[in-house]
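Residue strings, one per chain:
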Amino acid sequence: MSRALTVAVAGNPNCGKTTIFNALTGTRQHVGNWPGVTVERKEGRFVHNEQTYKVIDLPGTYSLSTYSVEELVARDFIVQDEPDIIVNVVDASNLERNLFLTTQLIEIGRPLVIVLNMMDMAREKGLKIDTETLGVLLGAPVVPIVGRTGEGIDVLKDKIHRIQAHTSQKARHIDIQYHRDIEVQIEKISAVLAQGESPPVNVRWVAVKLLEKDDRIWEYLDGFADKEKLRQTTTEAIEQIEKIYQDTSRAAISHARYGFVRGAMQECVRSSTAEPIDYSRKIDKVLTHRVLGLPIFALFMWLMFVLTFDLGAYPMDWIDAGISWLVNTLHALVPDSMLSSLVVDGMIGGVGAIAVFLPNIFILFFVIAILEDSGYMARMAFIMDRVMHTLGLHGKAFIPLVMGFGCNVPAIMGTRILESRRDRILTTLINPFMSCSARLPVYILVAGAFFPENAGTVIFAMYVLGVVAAIFSGKLFSKTVLRGMSKPFVLELPPYQKPKLSSLLLHTWERGQVFIRKMGTVILVGSIIVWALGYFPREVELSQNYEAQSARITQEWEAQETEIEHAFDASVALGEEQYVSAMVPFESSGHYKELVTQRDSLKQQIAANYQEALQKVDFTRQAETMSQKWIGRLGKLIEPLVAPLGFTWREGVALVTGFVAKEIVVSTYGVLFGVGSDASEENAGILTSLRNSDMTPLIGLAFLVFVLLYTPCLATMAAIRRETGSWGWTTFSVVYSLLLAWLLAFGIYKIGSALEWLT
Amino acid sequence: MFSRFRNRMGNSAPRHQLTREGVRLCDLHPGEKARVLEIGGSEQFRIRLMEMGLLTNDIVEVDKYAPLMDPMELIVKGYHLSLRRMDAEKIAVELIERNE
């Protein structure tokens, strides 16, 4: 078998390119990123007539200019990697605009097969396309396909085979003819190019690109010697064209390309006279209705939220239970050692804490796939753009932001629906301010302790403050670090389509597995670090001898128990003496029974007291041990940093552990107050201890604000790292949110103190 | 980190000022059709529209406005395209079919 041939699949967004790619390769796919950019790169394989083909799914683009990363990636691949065959997927129901890209592919001059996808929709629109003639005019075989049913895929494979075997009758190179004024200039530049040393492979294409003022084209001309002359000729040519057309040279060339497309369409496309029914338009009459549009949108958002987090809660509980079971079983099986603790508590426990998010993430991605494949996603952007635009964002950014109220991890992963990298970064950066569900237990605890009357209001205020912080930061970022990179909002609203289950599952899996693969490593490392902080140093010096205390308490209890027995025996002896003359034995008398009950209840009471005292010693020991471990020392170390906010070392430790996950703040408090780590938000012990501590309601409020604003958890950090593709932005996010949290908490504490408010 | 970003996406290209007075695309009502006379704005915006098939001399129909009155939905070359009003303001048009 000969070497694998490369097939690049190119086409507009929404043309069904991915459907064709899936139909060609089946499930044998590999998803990755294009080097250096966060644009998804999909690769698959198929074998036809004993020849292996490697298929690359290029990003969907409307053209091959260089104004977006996607276009750049697609063009670089076609020009530099020289795929053996290009499959250009074209939406037959939207031919004119789709063929614009085709003209550029023809010009590049790689072997080309054109797929007319969505033939069913074209027929519905009343379009008749003469594919034979179209193939002749475009100089490439044209294959009509209904991607949704897979009808025509085998014909496509045959055409690809015939192209590479040079037995295709249609394939021939044609030139897109421009108007004579432009052709003259193309010839001039071509002449310069052809004369020079090491001329480019495709002189005509390079000449056209030069005329289009495509700066990036110079990168392909590295080896070209006489750049000065080329530059001069190009500048003159552009001037001449712009003088004649009174427009930019690029516009003139684009007009000519569309002219070519229109010419071809006049020859091969017949439209039936009957006015076709535009089903999508009818659906949109309701879904983007002036009044109904927003409530329907809200309903869909609500459904998405409920599905992701409420439905996801069930498998989440199962995974949680499974992990706990595994950890407990392993602890029981393996003797305690550092290694077993590292593996069981650190790795399994840590990764397990993240694995519980899997159901959420997969459900969210599934819903997003439905929204994208059906076409409603574009409408969501259309409806919400007005609101999001004020933040300098695209309408679609609304979705990940709302999902942040559930959990920031899937929400940040959901920023992939945004096309521009700048929008993705901005949405990712402000996402942590959307108060996720893990922060709620902390709110309930602290608000419950200090604002029992108005807990609901305080908690609601936290959510509002989060949104305000997100809006403020969004505006700030788009005016500073992410300035001027916003793309114009020019969005296609594709026709509605019934999503196909297999493609939904494939999309969900593709995105979800990224979470498993890439995030796993970061989380694993993070979990091990956190485990080590809580595990070392192994030997801690405790201020009190807790074991002696426990022993003393046990002794006291035993002594008390003996005392009770003695007292009981004495009473019995006394009773027996009194009953000597009686007919019945003392043991069956009422008095004896009374004595027994009395003894038992006394014993029970002291047993309970004993247990409580023991537990108290144990809790105190746990608290002190924790404060001696590195994690506790870290909390004490940062005490000077949080002291200006009115916080003590306890808050310091709680905030440090809260970095792992917010809900841990509650259990940390449980340990620190010596009331046990069994921390449900109803834990009355923590509540009372908080009230009795040095904390005032004002400090409590400042603490809540801090918890709201600083980095939600390790998993979120990993997600930010993953989606921005840079530690730089991850650090920026963490530092910024810490700074914002500190400043606001400080402001609240200082102003509140000055006004003697809530103290 | 920031500078690399700006260099790639940075937009130093000149903005095209409309030479024409008169009706703008954003002035049209739903159901009205117009011919595009001139497209202004940044080079990036103009190129984006060209790629998407909105060129001078093309006929566009305003389908509707979003529930919050922005953006607007157009029908161009038989498909639906959405633009913000602030961008549509940079497109000079000539009304050819009024909506009664």
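The numbering scheme is per chain: residues are counted from 1 as the chain's sequence reads. Here chains are named by letter from A upward and ligands by number from 1 upward, in the order in which they appear as written. Residue-level local features of this predicted model are given only where pLDDT is at least 70; pairs of side-chain atoms are given and counted only at 80 or more, and the full residue set underlies all totals for whole chains, interfaces and linings. The side-chain figures draw on all heavy atoms in the structure; neither hydrogens nor water molecules are used.

Strands were regarded as paired on the criterion that DSSP finds at least two bridges between them. Strands are runs of DSSP state E lasting at least 2 residues, helices are runs of H or I lasting at least 4, and numbering of each runs from the N terminus. Taking strand neighbours across the sheet as the criterion, the six strands line up as β10(A)-β6(B)-β5(B)-β4(B)-β2(B)-β7(B) in an open arrangement whose pairing is antiparallel. Sheet topology places β10 (490-492) of chain A together with β7 (91-97) of chain B at the edges, where each strand pairs with a single neighbour. Neighbouring strand axes in the sheet, compared pairwise and without regard to direction, differ in orientation by 40° on average. Strand direction decides the pairing type here: β10(A) and strand β6 (residues 79-83) of chain B, joined by three bridges, are antiparallel. Across the sheet, residue A:Glu492 finds its bridge partner in β6(B), namely B:Leu81. As a rule, the C-alpha atoms of each element are fitted with a line to give its axis, helices using only the stretch in contact, and angles between N-to-C directions run from 0 to 180 degrees.

As a further point, take the pattern of salt bridges. Oppositely charged side chains can pair when the atoms bearing their charge come close. Salt bridge, as applied in this entry: a Lys or Arg side-chain nitrogen positioned within 4 Å of an Asp or Glu carboxyl oxygen. Here the structure, examined in full by the defined rule, presents 33 salt bridges over all chains. With a shortest N-O distance of 3.8 Å, B:Lys77 and A:Glu96 are connected by a salt bridge. Taken as a pair, B:Lys77 in the loop between β5 (72-76) and β6 and A:Glu96 in helix α3 (residues 95-108) lie in two separate chains rather than in one. Per residue, the accessibility class of B:Lys77 equals that of A:Glu96, and both read buried. A salt bridge links A:Glu723 to A:Arg416; its shortest N-O distance comes to 3.0 Å. With A:Glu723 in helix α30 (residues 714-724) and A:Arg416 in the loop between α17 (408-413) and α18 (421-430), this residue pair connects regions lying 307 residues apart in the sequence. Like A:Glu723, the residue A:Arg416 is buried in the burial classification. Connected through salt bridges with shared partners, the residues A:Arg281, B:Glu61, B:Asp63, B:Lys64 and B:Glu73 form a single ionic network. Relative accessible area decides the class of each residue, using a 1.4 Å probe on protein chains only: under 20% of the type maximum gives buried, over 50% gives exposed, and in between gives partly exposed.

What makes two residues a contact is simply this: any of their non-hydrogen atoms within 4.5 Å. Residue-level contacts link 55 residues of chain A with 45 residues of chain B. By definition, the buried area sums, over both parts, the 1.4 Å-probe accessible area that each loses when the two are put together. Buried surface at the junction of chain A and chain B, both sides included, amounts to about 4,700 Å², of which 61% is carbon and sulfur. On the chain A side of the contact with chain B, A:Tyr67, A:Phe382 and A:Val490 bury the most area, a combined 15% of that side's loss. Inspection of the region where chain A meets chain B yields five salt bridges. Here A:Asp247 makes a salt bridge to B:Arg46, at a shortest N to O gap of 3.4 Å. For this analysis, a polar contact is any N or O atom pair within 3.5 Å, provided that within protein one partner can donate a hydrogen and the other can accept it, and provided that sequence-adjacent residues contribute only side-chain to side-chain pairs. For the pair chain A and chain B, the interface holds 16 residue pairs in polar contact (both at pLDDT 80 or more).

Residue and element names in this part refer to chain A. These domain limits were set by an automatic method or by a database of domain assignments. Partitioning chain A into structural domains gives domain 1 (5-164), domain 2 (180-271) and domain 3 (546-628). Distance from the C-alpha centre of domain 1 to the C-alpha centre of domain 2: 25 Å. Residue-level contacts link 29 residues of domain 1 with 23 residues of domain 2. Contact with domain 2 buries area across many residues of domain 1, yet Glu96, Phe100 and Glu107 alone supply 26% of it, more than any other trio. For the pair domain 1 and domain 2, the number of links is three salt bridges. In this structure, Arg262 engages Glu96 in a salt bridge whose closest nitrogen and oxygen atoms are separated by 3.1 Å. At the level of secondary structure, the elements contributing two or more residues to the side of domain 1 that touches domain 2 comprise α2 (69-80), α3, β7 (127-129) and α5 (131-138). Element by element, the count of residues in the side of domain 1 that touches domain 2 is highest for α3, at nine residues. Here the residues of the side of domain 1 that touches domain 2 sort into 13 nonpolar, eight polar and eight charged. By the convention adopted, Pro, Cys, Tyr, Trp, Phe, Met, Ile, Leu, Val and Ala count as nonpolar, Lys, Arg, Asp and Glu as charged, and the other residues, Gly among them, as polar.

All names here are of chain A. Pairing of aromatic side chains here covers Phe, Tyr and the six-membered ring of Trp, requires ring centres within 6.5 Å, and sorts the geometry by plane angle: under 30 degrees stacked, over 60 edge-to-face, intermediate tilted. Throughout the structure, instances matching the rule amount to 25 aromatic pairs over all chains. With centroids separated by 4.8 Å and ring planes inclined at 65°, the aromatic side chains of Phe477 and Tyr736 adopt a geometry described as edge-to-face. With Phe477 in helix α20 (residues 455-479) and Tyr736 in helix α31 (residues 727-754), the pair connects residues that are 259 residues apart, well separated along the chain. Taken together, Phe433, Phe477, Trp729, Phe732 and Tyr736 form an aromatic cluster joined through their ring pairs. Note on geometry: a ring has a charge over it if NZ (lysine) or CZ (arginine) is within 6 Å of the ring centre and within 35 degrees of the ring normal. A cation over an aromatic ring shows up here: Arg231 above the ring of Trp218, its NZ or CZ 4.1 Å from the ring centre. The ring centre of Tyr535 lies 4.0 Å from the NZ or CZ of Arg538, which sits over that ring.

With that settled, consider unusual backbone geometry. Of the consecutive residues A:Phe536 and A:Pro537, the connecting peptide bond is found in the cis state with omega at -10°. Mapped onto the fold, A:Pro537 is located in the loop between α21 (501-535) and α22 (546-579). Residue B:Pro71 is bonded to the preceding B:Asp70 through a cis peptide linkage, with omega at -5°. Take B:Pro71: it is sitting in the loop between β4 (59-65) and β5. Positive phi, close to 45°, is recorded for A:Glu82, a residue that is not glycine. The topology assignment puts A:Glu82 in the loop between α2 and β5 (85-91). Although it is not a glycine, B:Asn57 adopts a positive phi angle of roughly 75°. Its place among the elements puts B:Asn57 in the loop between α2 (43-51) and β4. On the accessibility criterion, B:Asn57 (53% relative accessible area) is exposed.

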